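An overview of the molecular structure
Given next are the chains, with one letter for each unit.
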Amino acid sequence: MTGSSLWLLSPSDDNPFNKSLQDLINNTLPSNFPHVPKNSFIPHVTITSDIDPARTYASSPQEWLDSLHLPEFRKERNEVVIELEKLEAGEPFFKKVTIKVRKDMNLVQMASQCRQQSLLLSETIASSWAEKEYLPHLSLFYGDVPQSEVQKKIPLIELQLGFELGSLFDCCGGTLAMGAKLVLVDTSKEVKDWSVIAQRDCPWVMWKM
């Protein structure tokens, strides 16, 4: 993966939702594919990627992230909803096991505005990308495994996902967490060396299932 990326993360590292996702990524799913090198990473939904530091944030990543103009979202009135829909087995290394995220209208608008400013595009091009090409998802496993092999494990992974997130779903009527962090991540290195270099609170994000 080239350049840097903008991700949405769960609001805090120690909330039950984030802990469950991290356990799935670090332990549960790798145990299903013991012959594959383990790749641990932060649970996230990518907003946009391929950001060139030289053309955008250079030596001031936090200042750049704080300056991004985002739509006027409001908690409990006009939220960005991250609704986890279904498990999928993919062909690409970075999409080997993902949870598809519903294309919420506000999420699409946010992705469009972030991409426009991050890649220095016209509003028309960024909007077209967000509506037609942007496929929001939450990855659970990276690896060089045939898609057919992963597909066979999807029923098992669904059970594991239900075990980890079921109690959260039951107690909160489908709402898994409130709030998020928009983070800038240097994704130009190996997965183990990916690091958050700036972050911004987004209290108007709701995580659902």
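Coordinates for the structure precede this section.
Note that the structure is predicted; figures quoted are calculated from it, not measured.

Reading the values: rules and limits
Residues numbered from 1 in each chain as written. Predicted model: local features only at pLDDT ≥ 70, side-chain atom pairs only at ≥ 80, totals over all residues. Heavy atoms only, no water. Helix = DSSP H or I, 4+ residues; strand = E, 2+ residues; numbered from the N terminus. Rg over C-alpha atoms; globule rule 2.2 N^0.38 Å. Buried < 20%, exposed > 50% of the residue type's maximum accessible area, 1.4 Å probe, protein only. Phe/Tyr/Trp six-rings, centres within 6.5 Å; stacked < 30°, edge-to-face > 60°. Lys NZ or Arg CZ within 6 Å of the ring centre and 35° of its normal.

The next subject is the overall build of the protein. The helix and strand inventory of the protein stands at five helices and seven strands. Secondary structure elements in the protein, listed N-terminal to C-terminal, are β-α-β-α-β-β-α-α-β-α-β-β. For 209 residues, the compact-globule formula gives about 17 Å, and the C-alpha radius of gyration of the protein, at 17 Å, lands near that figure. In terms of its C-alpha atoms, the protein occupies a principal-axis envelope of roughly 45 × 35 × 30 Å. Within the span of the protein, comprising 209 residues, buried residues form 50% of the whole.

This next bit is on the packing of aromatic side chains. Summed over the entire model, instances satisfying the criterion amount to twelve aromatic pairs. When the centroid spacing of 6.0 Å and the interplanar angle of 35 degrees are considered together, the rings of F93 and Y142 count as tilted. Highlighted residues: F93 in the loop between strand 3 (80-89) and strand 4 (97-101) and Y142 in the loop between strand 5 (137-141) and helix 5 (147-171), separated in sequence by 49 residues. According to the relative accessible area criterion, Y142 is buried, its value standing at 3%. Joined through ring pairs, the aromatic side chains of W7, F41, F93, F94, Y142 and W194 make up one cluster. It is R115 that lies over the ring of W129; its NZ or CZ is 4.1 Å from the centre. Over the aromatic face of F33 sits the side chain of K153, whose NZ or CZ is 4.9 Å from the ring centroid.

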